[in-house]
Amino acid sequence: MNIFVCVKQVMARDSVLRPNETGTWAVDDGVSFEMNEPDTFALEEALRLKERHGGEVVAITAGPARSASTLREALAKGADRAIHVEGNRYVESDAYATAQALAAAIRREPHDLVLTGLQSDDAGFGQTGVILAELLELPHATIIMEIDASGGQLRCKRELEAGWFQTITLPRPALLTIQSGINKVRYATLMGIKRARRKPFRRYSPDELGIGEPVHQRVRSLYQPRQSKQTEFLEGSSQEVAAKLLNKLRFEARVL
Amino acid sequence: MSYPLDEEQLQIRDAVQDVCSDFPSEYWRKLDEFQGYPTEFIRALTEGGWLAALIPEQYGGSGLGILEASLIMEAINASGGNAAACHAQMYIMDVLTRRGTDRQRERFLPELATGRLRLQAFGVTEPTTGSDTTQLQTRAEKRGDSYIVHGQKVFTSRVEHSDLMLLLVRTTPIDDVRRKTHGLSILLVDLVEADGKGIEIRPLRTMINHHTCEVFLDGLEVPAANLIGEEGEGFRALLDGLNAERILIAAECIGDGDWFMHKACGYARGRVVFGRPIGQNQGIQFPLAKARAHIDAADLMRFRAAEMYDAGQPCGPQANMAKLLAADASWEAANACLQTHGGFGFASDYDVERKFRETRLYQVAPISTNLILSYIAEKVLGLPRSY
């Protein structure tokens, strides 16, 4: 099975972020980067499918030069080769432009399954996977909790709202966006890092893939959340106050 | 990090950080409370091959340099953990790699690389002899194909969590040798085999969770085939491993320093007193800024020493200076961090007091700061030996 797994490099979760001068993205100077966490679960799922059914795992990203280290991490964890669509334009790009770049590279090769994380930790569109499926003309399913690829088709468990699940069957090839936490992600090993050096690593420029300058969505303003404090007194009987409090915790604070 | 790392070195650091992220502060805090050993953490490191970094590739290790090994130690301490539970595996096996016979290397190194065997303990210090190693009292007498060992060791760390131990013993009485550094030998003790046969191990509760023990040796029989290096040349073999140890310990201090800086600055940014973050006050900023500068300076010396070590050059002064500067810098950072936190620094939940205790050790062990100063005075400044 030829599995493509799309990974994105994002700023590390513990980074101290501040908007850049144009107010369109965060300053990335002095910030460390890591693999988008939801994509780590997609990569792990791809590696497990390969271990069970054989084949090849190809890690692919669209991003600036520094994103190569995220692909190297995927190789160190067990991906067989990597493809980097390299361009600074992908730092602030939207889901469509990213999907376009990924599609242009994946389309060139046989693929049985394409996996992505459910969403990215930075922009959080949650759209790249589904747009990519449309561009590749693949059937797709989102928020996948389980994949059974033992038959000719893919039998998958999807997470729905309120604790509900759905089991669906898709033909191959297909694209799945993977829910975070569905597996225990493996660590890169020291030998894995050493072996990664010798694995194939293909770079494409957007021009090589015939992709024009993307102009789809533009960030107008990005700002720090404004912090404020306010006190509200709930009034009524104990029962009424309890009901109001419950309502606020559930729907405003969203902690229940 | 004050030094440009290549891509593979960055990957090594990031991958160890990844492993460490599964072992958060709560994990170390709990171990500290009950003086527990980080078994799961060590297992994860071993499975990833991290503790076999210095073992040559032909024996199943990665054959990396001391620089890469030091990055591993640094990342562990910078994560809030403590590399003391495993660092000795790195530099103790170095003695075996350098001085062991082919047969010993083939017998032990592959199993150490896979983690099936652990070599984490080196019995050197004794109750009456610390830094003055040549005066040690533990003696081994050759009888047929074995050595019979009598004596006592103290501060033998991790011996309860080790399958093998190196033991420094006197094989020729000090009165019968020309130089007091002669007549010492290193024996490899199979602790599983030796259990109940002339060895008794008693844990020693200490200020930090360091798994250190007293070891009583009363007629312990060690096969002569387990002699590491030549008989009587154990002191030289011991010295061989010291530069590696100094560099690795320096890296742990750098990691601690980074942890203290991260913790202190995070707190200083968020803690508001008199209507503004305390980090805006120069009284808070200056000690932290100073500590940062000293950590980075020590870091440069660590890299210099590691580069020289990996190039096979003599690096005693650089390795010792790296350890001295790094231990001082981490201690300075610990103080600044604790002061920044005020009363909360003393609360266990903040982890500052635990790391404060842990980093204090580096002023004393594995070598006292004073002894490094004496070394620099003698070897670098050319002054008369003071000890």
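All figures in this text were calculated on a predicted structure; none of them were measured in a lab. Per chain, residue numbering runs from 1 following the sequence as it is written. Following the order in which they are written, the chains are lettered starting with A and the ligands numbered starting with 1. Two thresholds apply to this predicted model, a pLDDT of at least 70 for residue-level local features and 80 or more for giving and counting side-chain atom pairs, whereas whole-chain, interface and lining totals are computed over all residues. Think of the side-chain values as coming from all heavy atoms in the structure, minus any hydrogens and water.

**Q** Sorry, what's going on with the overall build of chain A here?
**A** Secondary structure elements are taken from DSSP: a helix is a run of H or I of four residues or more, a strand is a run of E of two residues or more, and numbering for both begins at the N terminus. Of regular secondary structure, chain A possesses six helices and 11 strands. When its C-alpha atoms are laid out on the principal axes, chain A stretches across 70 × 50 × 40 Å. Only protein chains enter the accessibility calculation, which uses a 1.4 Å probe. A residue is then buried if its area is under 20% of the maximum for its type, exposed if over 50%, and partly exposed in between. A burial count over chain A gives 45% of its 256 residues as buried. Between two residues, a contact is recorded if the distance between any of their heavy atoms is within 4.5 Å. If you take every contact in chain A between residues at least 6 apart in sequence, the share linking residues at least 24 apart comes to 69%. Per-residue and other accessible areas follow the Shrake-Rupley method at a 1.4 Å probe size, with only the shown protein chains counted as cover for residues. Here chain A displays about 14,000 Å² of accessible surface, and carbon together with sulfur accounts for 47% of that area. Within this scheme the basic residues Lys and Arg register as positive and the acidic residues Asp and Glu register as negative, but His and the chain ends are omitted. To locate a charge, take NZ of a lysine, CZ of an arginine, CG of an aspartate or CD of a glutamate. The distance from the centre of the 34 positive side-chain charges to the centre of the 33 negative ones in chain A is 4 Å.

**Q** So what exactly am I meant to see when it comes to the packing of aromatic side chains here?
**A** The geometry of two aromatic rings is summed up by the distance between their centres and the angle between their planes. Residue and element names in this part refer to chain B. What counts as a ring pair is set by centres within 6.5 Å for rings of Phe, Tyr and Trp (its six-membered ring), and what kind of pair is set by the plane angle: stacked under 30 degrees, edge-to-face over 60, tilted for all other angles. Applying the stated criterion to the full structure yields nine aromatic pairs over all chains. With a centroid separation of 5.4 Å and an interplanar angle of 90°, the aromatic rings of Tyr-27 and Trp-28 are classed as edge-to-face. Summarising the burial analysis for this pair, Tyr-27 and Trp-28 share the class buried. Measuring from ring centre to ring centre gives 4.7 Å for Trp-331 and Phe-356, while their planes differ by 50°; the resulting arrangement is tilted. Residue Trp-331 is located in helix α10 (residues 316–341), and its partner Phe-356 is located in helix α11 (residues 352–360); the two are separated by 25 residues in the primary sequence.

**Q** How do you make sense of the sheet that holds strand β11 (residues 201–204) of chain A when you look at a structure like this?
**A** In any sheet, the strands associate via hydrogen bonds between backbone groups, in a parallel or an antiparallel arrangement. Residues and elements named next belong to chain A. The criterion for strand pairing is that DSSP finds at least two bridges linking the strands in question. Sheet architecture is open: nine strands sit in the order β9-β8-β7-β10-β6-β1-β4-β5-β11, paired in mixed fashion. Two strands close off the open sheet at either side, each with one partner strand: β9 (165–170) and β11. Across the sheet, the axes of successive neighbouring strands diverge by a mean angle of 35°, strand direction being ignored. With four bridges connecting them, strand β5 (residues 81–86) and β11 associate as parallel partners. Opposite Ile-83, over in β11, you have Arg-202 as the bridge partner. Every axis in this analysis is a line fitted to C-alpha atoms, fitted for helices over the stretch in contact. Angles between the N-to-C directions lie between 0 and 180 degrees. Contacts from helix α3 (residues 95–106) reach β1 (2–6), β4 (56–63), β5, β6 (113–117) and β11, with the element oriented near 140° to β4.

**Q** Whenever I open this one, the pattern of salt bridges confuses me. Can you help?
**A** Between side chains of opposite charge, a pair can form when the charged atoms approach closely. We define a salt bridge as a side-chain nitrogen of Lys or Arg found within 4 Å of a carboxyl oxygen belonging to Asp or Glu. A full pass over the atoms with the stated rule returns 47 salt bridges over all chains. Between A:Arg197 and B:Glu8 there is a salt bridge, and its shortest N-O distance comes to 2.8 Å. One end of the pair, A:Arg197, is in the loop between α5 (190–196) and β11; the other, B:Glu8, is in helix α1 (residues 7–21), on a second chain. With a relative accessible area of 52%, A:Arg197 lands in the exposed category. Here B:Glu307 ties to B:Arg304 by a salt bridge, and the two come within 4.0 Å at their closest N and O atoms. Separated by three residues within a single helix, B:Glu307 and B:Arg304 lie in helix α9 (residues 282–310), roughly one turn from each other. By relative accessible area, B:Glu307 is classed as partly exposed at 34%. Beyond isolated ion pairs, a larger network of salt bridges with shared partners links B:Arg29, B:Asp349, B:Asp351, B:Arg354 and B:Glu358.

**Q** Teacher, can you tell me more about the packing of α9(B) against α10(B) here?
**A** When two helices pack together, their arrangement is given by the angle between the helix axes and the distance between those axes. All names here are of chain B. α10 packs onto α9 with a crossing angle of 160° between their chain directions and a minimal axis gap of 8 Å. The orientation of α9 with respect to α10, classified from their angle, is roughly antiparallel. When the axes of α9 and α10 are compared, the crossing they make is left-handed. Here the contact of α9 with α10 is built from residues that sort into 18 nonpolar, three polar and four charged. Just so you know how the angles are binned, under 35 degrees is roughly parallel, over 145 roughly antiparallel, 65 to 115 roughly perpendicular, and the rest oblique. Left-handed describes a crossing whose near helix is turned anticlockwise from the far helix by less than a right angle; the clockwise case is right-handed. Ten residue types, Ala, Val, Leu, Ile, Met, Phe, Trp, Tyr, Cys and Pro, are classed as nonpolar, four, Asp, Glu, Lys and Arg, as charged, and the remainder, Gly among them, as polar.

**Q** Where do I start with the domain arrangement of chain B in this structure?
**A** Many structure descriptions define interface size as the accessible area lost when the parts assemble. All names here are of chain B. All the domain ranges listed were derived from an automatic or database domain assignment. We note that the domain assignment places domain 1 (7–114), domain 2 (119–232) and domain 3 (236–380) within chain B. On a C-alpha basis, the centres of domain 1 and domain 3 stand 20 Å from each other. With 28 residues of domain 1 at the interface, the matching set in domain 3 holds 28 residues. Once two parts are brought into contact, the accessible area they lose, counted with a 1.4 Å probe and summed over both, makes up the buried area. Taking both sides of the interface into account, the surface hidden between domain 1 and domain 3 amounts to around 2,400 Å²; carbon and sulfur atoms contribute 54%. In this assembly, domain 1 and domain 3 are joined by four salt bridges. Between Asp-351 and Arg-29 there is a salt bridge; the shortest N-O distance is 2.9 Å. Elements represented by at least two residues in the side of domain 1 that touches domain 3 include exactly α2 (25–34), α4 (66–78) and α5 (87–99). Take the side of domain 1 that touches domain 3: its biggest share by element is 10 residues, from α4. Classifying every residue of the side of domain 1 that touches domain 3 gives 12 nonpolar, nine polar and seven charged.

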